[in-house]
Amino acid sequence: MKLHCEVEVVSRHLPALGFRNRGKSVRAVLSLCQHSPRSPPRPWAGGSRAGPHPACLLISTLKDKRGTRYEQLKKNIEQFFTKFMDEGKATIRLKEPPVDICVSKAISSSLRSFLSAVRLAHRGCDIQAPLSPLTPAKTSEFDKFKTKMVITSKKDYPVSKNFPYYLEHLQTSYCGLVRVDMRIFCLKNLKKLDLSHNHIKKLPPAIGDLIHLQELNLNDNHLESFSVALCQSTLQKSLRSLDLSKNKIKALPVQFCQLQELTDLNLDDNELIRFPFKIGQLTNLRFLSAARNKLPFLPSEFKNLSLEYLDLFGNTFEQPKVLPVIMLQTPLTLLESSARTILYNRIPYGSHIIPFHLCQDLDTAKTCVCGRFCLSCFIQGTTTMNLHSVAHTVVLVDNMGGTEAPVISYFCSLSCYVSSCDMLK
């Protein structure tokens, strides 16, 4: 029986001698072994010989495949520390020799099974699970500790075996995938996931369970949307780079702007007809590319961005309209007045408090140039903006050398519109 994990062996004699343990764990294979008849047990110095074929612990590392053996588990375990077993951590404290075997980065289910078997060995009970032979570990066993795996052809894609549990970087490109492999969601250490050049049509919400994911590459797939569930997942705190280029996305949800750790966003070669109008909330965004889409204008909050690089080449930008669109209503409806009050005072809301459709209305409320909000009562005006005002490096918008793009703005009242007339000229 084997457990792939990281192990640190701490001697309890060191503090008494004035020494400190280094506190560094190493990748190891922790085995619950049994002596074969041809290989009699070798007792630890000062220990006594156990039964004819007692169970023992063997810790093997890549540098020491023969491993360090801890004999005679029966009645030799002082205590188990299992408070953080759900996080893949536990400690086995031996009486002789006086050491703590500290386990970390183990699969929690495997760790539970392994410790159950060790407890039985300590009590002298029969162990139902098969024990490992007392032999040196193989180099192939340490493949499970790989942190990077690159697959660039369908024939190399692992079908019959799982991905290494410790992966931090996984690339599966040109594999003909039509959906995301559910086994990927078990890779809790994953930081970079590259699924480019496949045929994926939909992203499962479980991607949001990869709590350490920083880079997600979905270039050249068949995606038509980016779900609200992903925008409201743990990706809000981890995701920094997102590549959605060469897909079929027409619009991103307004909740997309909750991914506020994003620094790099690539939306090239899609079918985008608009940006999320709250895109200005992406305050950490530095690289934005949305070339060759169908954007007719930019939202007013686009002015709040502070970019290092911006590429909007090849979009179908429209000429600014001379006359504004007036949607004012006096007096304000109860819905409009209530919505403005909730948003202006930042009153918390949710589907557990008010109906879901009202939550959607509040989520999609427009922001006036004065900072207030409006729902369906507003004036809409269009102006142009030089993109150098929001980005250090700007790719030309067209073949004529232009760097200006139309921006649509909203005004909550006639007075706001009048006071902003100079801006619209």
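Report follows, based on the coordinates. All values reported here derive from a predicted model rather than from experimental measurement.

Some thoughts on the overall build of the protein chain
Stage number 1. Looking only at helices and strands, the protein chain has seven helices and 23 strands in total.
Stage number 2. Rg of the C-alpha trace for the protein chain: 30 Å, well past the compact-globule value of 22 Å for 425 residues, more than 25% over.
Stage number 3. Each principal axis of the C-alpha atoms in the protein chain carries an extent, and together these give about 95 × 45 × 40 Å.
Stage number 4. Pairs at least 24 apart in sequence give 50% of the contacts found in the protein chain among residues at least 6 apart.
Stage number 5. With an accessible surface of roughly 22,800 Å², the protein chain has 52% of that area assigned to carbon and sulfur atoms.
Stage number 6. Charge separation in the protein chain, taken as the distance between the mean sites of 54 positive and 36 negative side-chain charges, equals 9 Å.

Overview of unusual backbone geometry
Stage number 1. Here the bond from Glu96 into Pro97 is cis, since omega is -5°, no more than 30 degrees from zero.
Stage number 2. Residue placement: Pro97 occurs in the loop between strand E6 (90-94) and strand E7 (99-104).
Stage number 3. With omega at -5°, the peptide bond leading from Thr330 into Pro331 counts as cis.
Stage number 4. Examined against the element boundaries, Pro331 turns out to sit in the loop between strand E18 (325-326) and helix H4 (334-344).

Here's the deal with the sheet that holds strand E17 (residues 307-311)
Strand pairing in a sheet is mediated by backbone hydrogen bonds. Such pairs are either parallel or antiparallel.
Stage number 1. An order of E9-E10-E11-E12-E13-E14-E15-E17-E22 is seen for the nine strands of this open sheet, with the pairing classed as parallel. Edge positions in the sheet fall to strand E9 (148-151) and strand E22 (391-395), since each of these pairs with one other strand and no more. Strand-to-strand twist of the sheet, defined as the mean angle between neighbouring strand axes without regard to direction, takes the value 5°.
Stage number 2. Alignment of E17 against E22, held across four bridges, turns out to be parallel. Across the sheet, Asp311 pairs through a bridge with Val395, a residue of E22.

Remarks on the pattern of salt bridges
Stage number 1. Tallied over the full model, the rule gives 11 salt bridges.
Stage number 2. Between Asp100 and Arg12 there is a salt bridge, and its shortest N-O distance comes to 3.0 Å. Taken together, the residues span a long stretch of sequence, with Asp100 in strand E7 and Arg12 in the loop between strand E1 (2-11) and strand E2 (26-34) at a distance of 88 residues.
Stage number 3. Here Asp269 and Arg292 are joined by a salt bridge, their closest N and O atoms 2.8 Å apart. Within this pair, whereas Asp269 is found in the loop between strand E14 (264-266) and strand E15 (287-289), its partner Arg292 is found in the loop between E15 and strand E16 (298-299), the two being separated by 23 residues in sequence.
Stage number 4. Judged by its relative accessible area of 26%, Asp269 falls in the partly exposed class.

Quick look at the packing of aromatic side chains
Aromatic rings in a pair are described by how distant their centres are and how their planes are angled relative to each other.
Stage number 1. Enumeration according to the criterion identifies seven aromatic pairs in this entry.
Stage number 2. For the pair Tyr165 and Tyr166, a centre-to-centre distance of 5.5 Å together with 85° between the ring planes defines the contact as edge-to-face.
Stage number 3. For Tyr165, a relative accessible area of 22% gives the class partly exposed.
Stage number 4. Each ring, one from Phe226 and one from Phe256, has its centre 5.6 Å from the other, and the planes form 80°; the classification is edge-to-face.

A short note on the nonpolar core
Stage number 1. One finds Phe275 and Phe302 to be the most contacted residues of the largest nonpolar core, which totals 61 residues.
Stage number 2. Of all the secondary structure elements, the ones that give two or more residues to this core are E9, helix H2 (228-231), E17, E22 and strand E23 (404-411).
Stage number 3. If near-sequence neighbours (up to four positions away) are discounted, Phe302 is found in contact with Phe275, Ile279, Leu288, Leu310, Leu312, Met385, Leu387 and Val390.
Stage number 4. With 34 residues, the next largest nonpolar core counts Tyr70, Phe80, Val99 and Phe142 among its residues.

Thoughts on the pairing of E17
Stage number 1. Inspection of the sheet shows E15 paired to E17 by three bridges, in the parallel sense. For Phe287, the partnering residue across the bridge sits in E17 and is Tyr309.

Parameters at a glance
Residues numbered from 1 in each chain as written. Predicted model: local features only at pLDDT ≥ 70, side-chain atom pairs only at ≥ 80, totals over all residues. Heavy atoms only, no water. Helix = DSSP H or I, 4+ residues; strand = E, 2+ residues; numbered from the N terminus. Rg over C-alpha atoms; globule rule 2.2 N^0.38 Å. Contact = heavy atoms within 4.5 Å. Areas by Shrake-Rupley, 256 points an atom, 1.4 Å probe, with all protein chains shown as cover. Lys, Arg positive; Asp, Glu negative; His and termini not counted. Charge placed at Lys NZ, Arg CZ, Asp CG, Glu CD. Pairing = 2+ DSSP bridges. Axes fitted to C-alpha atoms, helices over the stretch in contact; angles between N-to-C directions. Salt bridge = Lys/Arg side-chain N within 4 Å of Asp/Glu carboxyl O. Buried < 20%, exposed > 50% of the residue type's maximum accessible area, 1.4 Å probe, protein only. Phe/Tyr/Trp six-rings, centres within 6.5 Å; stacked < 30°, edge-to-face > 60°. Core = buried A, V, L, I, M, F, W, Y, C linked by side-chain atoms within 4.5 Å.

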